[in-house]
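Chain residues, written in single-letter form:
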Amino acid sequence: MSATTLDPKTALVVVDLQKGITGLPTAHPSADVIAHSATLADAFRAKGLPVVLVRVTGGAPGRTEGPARSGQPAADWAEIVPELGPKDGDIVVTKQQWGAFYGTDLDLQLRRRGVTQVVVTGIATSIGVESTARSAYEYGYHVTVATDAVTDMSAEAHENSIERIFPRLGETDTTAAIVKLLG
């Protein structure tokens, strides 16, 4: 599918492009995801549109079968990668869950600015990006995912989100196509 339009009040939401996550092994090079996200961020800033940089500093307290993080993360683990900023005017959201909406003021920040659509990028496709896109859809935002600006630790999980989940939540397209829609 390809993106058809961007609303006049569209925000870019960049999920978890922070030092501790971008350093993990991923299905597609995280350097490419960072570069594409930075291209989008620069284009959004140039148009005066909101750029939201999301970082995670904790996790939900529930019991899971998956392995828990062990040890103390590096001191700079939650720092946003320098290629993205933050720059003056950016919104920085710190979350404790997978998605950027639950337990944060992201919806309030977007609504105050009249935002009706979000373009989502980041790592991991099937976790933070998908959770954020699902919540955005549930909150009534139009959702677009930049397919070359997301990756996952698992190629299978990434492809499942791209092929099966995101088309049901909104539209998908490449960074170049989204920048072109910005005009």
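First things first, this report covers the structure right here in the doc. (Residues numbered from 1 in each chain as written. Predicted model: local features only at pLDDT ≥ 70, side-chain atom pairs only at ≥ 80, totals over all residues. Heavy atoms only, no water.)

The next subject is the side chain of D152. Tracing the sequence through the fold places D152 in the loop between β5 (142-151) and α5 (155-169). For D152, the side chain forms a polar contact with the main-chain nitrogen of T125, separated by 3.4 Å. With near-sequence residues (within four places) excluded, D152 lies in contact with T26, A27, A124, T125, S126, I127, A157 and H158. (Helix = DSSP H or I, 4+ residues; strand = E, 2+ residues; numbered from the N terminus. Polar contact = N/O pair within 3.5 Å; in protein donor to acceptor, adjacent residues only side chain to side chain. Contact = heavy atoms within 4.5 Å.)

Once that is clear, we can look at the sheet that holds strand β2 (residues 51-56). Two strands in a sheet stick together by hydrogen bonds in their backbones, pointing the same way (parallel) or opposite ways (antiparallel). The strand order across the open sheet built from six strands is β3-β2-β1-β4-β5-β6, with neighbouring strands paired in parallel fashion. The strands lining the two open edges of the sheet, one partner per strand, are β3 (91-95) and β6 (171-173). Each neighbouring strand pair of the sheet contributes to a mean axis angle of 25°, computed without reference to strand direction. Alignment of strand β4 (residues 117-123) against β5, held across six bridges, turns out to be parallel. What sits directly across from I123, in β5, is T151. The strands that helix α2 (residues 30-46) touches are β1 (10-15), β2, β4 and β5; relative to β5, the one it contacts most, it runs at about 140°. Sheet strands in contact with helix α4 (residues 125-138) are β1, β4 and β5, and its direction is about 170° off that of β4. (Pairing = 2+ DSSP bridges. Axes fitted to C-alpha atoms, helices over the stretch in contact; angles between N-to-C directions.)

To characterise two packed helices, one gives the angle between the axes of the helices and the distance between these axes. Running from N to C, α4 and α5 cross one another at 5°; their axes reach a closest spacing of 10 Å. Here α4 lies roughly parallel to α5, going by the angle between them. Listed contacts from α5 to T125, S126, V129, E130, A133, R134 and Y137 of α4 are A157, H158, S161, I162, I165, F166, R168 and L169. Of the residues that constitute the contact of α4 with α5, the class distribution is eight nonpolar, four polar and three charged. (Parallel < 35°, antiparallel > 145°, perpendicular 65-115°, else oblique. Nonpolar A, V, L, I, M, F, W, Y, C, P; charged D, E, K, R; others polar.)

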